[in-house]
Each structure stands twice: as structure tokens, then as C-alpha cells.
Amino acid sequence: MTRLKPLLRVMRIGYLIGLVILIAWVVRSEWSEVVELVDGARPLLVVASLVASFGLILAGAWFWVVGLRTQGYRAPGPQVFAKATLATSRSLLARYVPGSVWFAVGRVGLLRSAGVPLGPLSATAVLEMATSLTVVLICGLVVLGLSGGVPGGATWMVLLAVGLIAATSPTIGGRVVAWLAARRGVEFSLTWRGYLRLLGVNVVFWGWSAVTFLLYLRAFPATDSYRTTLVIGGFLLTWGIGFLAPFAPQGIGVFEVSMATVLQAEGVAGTAVVLGGYRLVLLARDLIATSTAEVIATRRALRGSARKETLQEPGPGAGSGPDR
């Protein structure tokens with residue numbers, strides 16, 4: 001794996017350079033199609049999508065609260081939720097760093113500095129990546145299959161979903177992760193009850209994420225003909241596929257082209273550009289949330305420093321007693 005890192009880094013750089021060139025070419029050659037797709041746009045729905053996207057931060061923090069509890073961390077829930085929300089907000093921009101782990105690494109580092117033990121944090125980070133991928137692919141496959149958006153209907157997709165759940169369950173995946181964690185000196189445990197709770201939180205997260213995307217897409221009248229189930233199922237599945245592309249940070253490019261293909265858009269290139277605008281909504285959310293969280297964290301640090309200095313100051317009359 002270590003030997004593959006330099007190659008993967010080169011692939012990412014080459015991919016991003018190629019993507020920028022491709023976007024420039026599409027904008028130049030397909031500009032009239034892009035303009036036609038965004039004609040009559042409803043800005044209020046874009047704003048609604050932006051506002052709704054902040055709910056994803058809260059849902060993500062909720063997952064960490066539940067994840068830490070499954071690993072035996074018993075601090076008061078509201079306290080942990082506040083810490084997780086602040087850490088999540090401060091780490092959002094790490095999602096744009098090539099590699100799929102930096103967002104989780106950022107939250108682990110910030111929560112550790114806030115007093116949360118490293119063991120439960122590391123286990124929760126692994127659980128988030130594993131269960132998120134499982135839920136987004138399962139929900140995408142099932143909803144897309146029910147919408148008639150893929151060959152073969154929904155039956156084989158339900159079977160595949162059951163297989164994914166089994167592979168990541170405490171009985172199979174949990175034991176594998178526990179064995180790997182033990183080799184690194186980290187204690188890991190996962191019950192079926194805890195596993196199902198984590199899946200439930202992820203269903204809420206990805207359901208809300210799909211609604212956020214749907215609001216954005218419905219801002220363009222040209223997309224009104226797409227069925228809601230097709231949009232939601234396609235979004236979940238193709239966003240999950242983007243996770244599986246290690247050369248594409250946040251699946252950029254992979255999601256847009258795959259989603260345009262699922263929608264069977266007449267102009268895949270132009271539609272992909274419009275779909276890519278959703279990332280600008282998320283970027284705006286990330287900038288607002290991160291800057292706000294940094295201000296809050298800075299003020300808390302200053303208050304804590306001032307309180308510490310006050311406690312260390314000598315009281316009245318200190319040092320004025322008789323010499324011994």
C-alpha cells in the first residue's frame with residue numbers, strides 16, 4: 001500500500017489537471033446548452049438547498065455521539081454533541097484535500113484535544129466510513145431499483161443490499177475491524193444494537209443529503225421532468241461510487257458524469273456542469289460553517305486563557321506577611 005501512495009498521488013494530480021481542462025472545454029463548446037439548462041432558474045431553491053445543507057453538519061455530529069457511545073465513551077450527550085458539531089464544522093475544508101481520510105482525521109484531532117480518548121475516536125472514524133458507504137450504496141441501489149432506473153428491477157438490488165449489511169455487520173466486518181484494531185493496541189467492540197443505531201443515523205444523514213440535492217436540482221426547470229425517486233436513488237448511488245474513486249477528491253467528476261448518465265440526460269457534458277454547481281453550494285456552506293466555528297473556538301480559547309490567568313493571580317495581601 002505504501003508503494004502505491006506515490007502512484008496514487010500522481011494519478012490524483014493528473015486527474016485534477018485533466019478535469020480542469022475538460023471543464024474549460026465543456027464550458028467553451030457546450031455553453032449554449034448550459035445556459036439553456038439554467039434558464040429560468042429559481043434562486044430561492046438554491047438558497048433553500050444551502051440552508052438545508054447545514055443540517056448535515058448536525059447529523060454528522062449526531063453520528064459521532066452515537067459512535068462514541070458504542071465504544072464505551074459515556075460523557076453527557078449534549079456536551080459531546082456540542083464538541084462534535086464544532087469539530088465537524090472546523091474540519092469541513094479538509095474534505096477538499098486529496099485523500100478520503102482527512103475529514104475524519106481532522107475531527108479526531110480536534111475532539112482528542114477537547115478531551116475525548118483516542119481509542120473511541122479512532123473506532124468511530126472507521127465506523128463512519130464503513131457504515132456511510134454501506135448505507136449510501138444500499139439506499140441508492142434500492143431506491144433506484146424501485147424507480148425502474150436500472151435493468152433488472154429491485155429484487156437483485158435488495159439481495160445486494162442484504163449482502164452489504166452482512167459484510168459490514170458485527171458478525172463479519174466487526175470481527176475483522178476488531179482484529180485489525182487489536183494489532184494496533186486499540187480496543188474495538190460493536191454490538192448489533194449499536195450497529196443498527198449507526199445505520200439509522202446514517203439513513204437520516206443520507207436522506208437529508210438527498211433532499212438537499214433535490215432542492216438544488218429543482219431550482220432548474222429543465223430538470224422538472226426527472227422523477228423524484230430517480231433523482232434521489234441516482235444521487236445516493238453515484239455519490240457513493242464517487243467515494244470508491246481514490247483518484248478523485250470527494251468523487252468530483254465521477255459523480256457528475258455518473259449522475260447525468262443515470263438521468264439519461266440528452267447532453268451529458270452540459271448536465272454534468274449544472275450538477276457540479278451543487279458542489280458550489282456545499283463549498284459555500286463549508287466556508288460559512290468553518291469560519292463561524294473558528295471564531296467560536298478562538299473566543300472560547302481566549303476566555304479559557306483569561307480565566308486561567310485570573311486563577312493564577314495572587315490574592316490581596318499575598319506575600320505581605322512577615323519574613324521567616
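See above for the structure.
Cut-offs used in this document
- Residue positions are given per chain, counting from 1 as you read along its sequence in written order.
- Per-residue local features are limited, in this predicted model, to residues with pLDDT of at least 70; the limit for side-chain atom pairs, both in listing and counting, is 80 or more; totals at the level of whole chains, interfaces and linings are taken over all residues.
- Heavy atoms from the whole structure form the basis of all side-chain values; hydrogens and water molecules are not counted.
- Salt bridge criterion: a side-chain nitrogen from Lys or Arg within 4 Å of a carboxyl oxygen from Asp or Glu.
- Secondary structure elements are defined from DSSP: runs of H or I of at least 4 residues count as helices, runs of E of at least 2 residues count as strands, and each element is numbered from the N terminus.
- Exposure categories follow from relative accessible area, calculated using a 1.4 Å probe and restricted to protein chains: below 20% of the type maximum is buried, above 50% is exposed, and the middle band is partly exposed.
- Whether two aromatic rings pair depends on their centres lying within 6.5 Å, for rings of Phe, Tyr and Trp, where Trp uses its six-membered ring; planes under 30 degrees apart make the pair stacked, over 60 edge-to-face, and the rest tilted.
- Two residues qualify as a contact provided that any one of their heavy atoms is within 4.5 Å of a heavy atom in the partner residue.
- We define a nonpolar core as any set of buried Ala, Val, Leu, Ile, Met, Phe, Trp, Tyr and Cys residues linked to one another through side-chain atoms lying within 4.5 Å.

Would you explain the pattern of salt bridges in this entry?
Note on pairing: side chains with opposite charge can pair once their charged atoms come close. Within this structure, the stated rule accounts for 6 salt bridges. A salt bridge links Glu294 to Arg90, with the nearest nitrogen and oxygen atoms 3.1 Å apart. Note that Glu294 is positioned in helix α12 (residues 268–312) and Arg90 in helix α4 (residues 77–91), a separation of 204 residues in sequence. What makes Glu294 partly exposed here is its relative accessible area of 31%. Measuring nitrogen to oxygen at the nearest pair gives 2.6 Å for the salt bridge that ties Asp286 to Arg285. No difference in accessibility class separates Asp286 from Arg285, as the two residues are buried. Linked by salt bridges that have partners in common, Arg95, Arg285 and Asp286 make up one network.

Would you take a moment to explain the packing of aromatic side chains for this structure?
Any two aromatic rings considered together are summarised by their centre-to-centre distance and by the angle between their planes. The full count for this structure, using the stated rule, is 13 aromatic pairs. Taken together, a centroid distance of 5.6 Å and an interplanar angle of 85 degrees make the contact between Trp192 and Tyr195 edge-to-face. On the criterion of helical spacing, the pair formed by Trp192 and Tyr195 is a turn pair, its members being 3 residues apart in helix α9 (residues 192–217). Residue classification places Trp192 among the partly exposed residues on the basis of a relative accessible area of 42%. On the numbers, 5.0 Å between centres and 85 degrees between planes, the contact of Phe205 with Trp206 is edge-to-face. One aromatic cluster is present, formed by Phe213, Tyr216, Phe220, Phe235, Trp239, Phe255 and Tyr278 through successive ring pairs.

Just checking my understanding: could you explain the side chain of Asn202 for this structure?
Among the structural elements, Asn202 can be located in helix α9. Judged by relative accessible area, which is 3%, Asn202 ranks as buried. Not counting chain neighbours up to four residues away, the residues in contact with Asn202 comprise Phe63, Thr131, Ser132 and Val135.

So what exactly am I meant to see when it comes to the nonpolar core here?
Side chains of a nonpolar character, in soluble globular proteins, are inclined to be buried together. Ranked by internal contacts, the top residues of the largest apolar core, which has 58 residues, are Trp64, Phe213, Val231, Phe235 and Met259. Residue contributions to this core peak at 10 residues, all from α9. Residues contacting Trp64, with those up to four places away along its chain left out, are Ala84, Ala104, Arg107, Val108, Leu111, Leu121, Thr124, Ala125 and Glu128.

As far as function goes, none of this settles anything; it's purely spatial.
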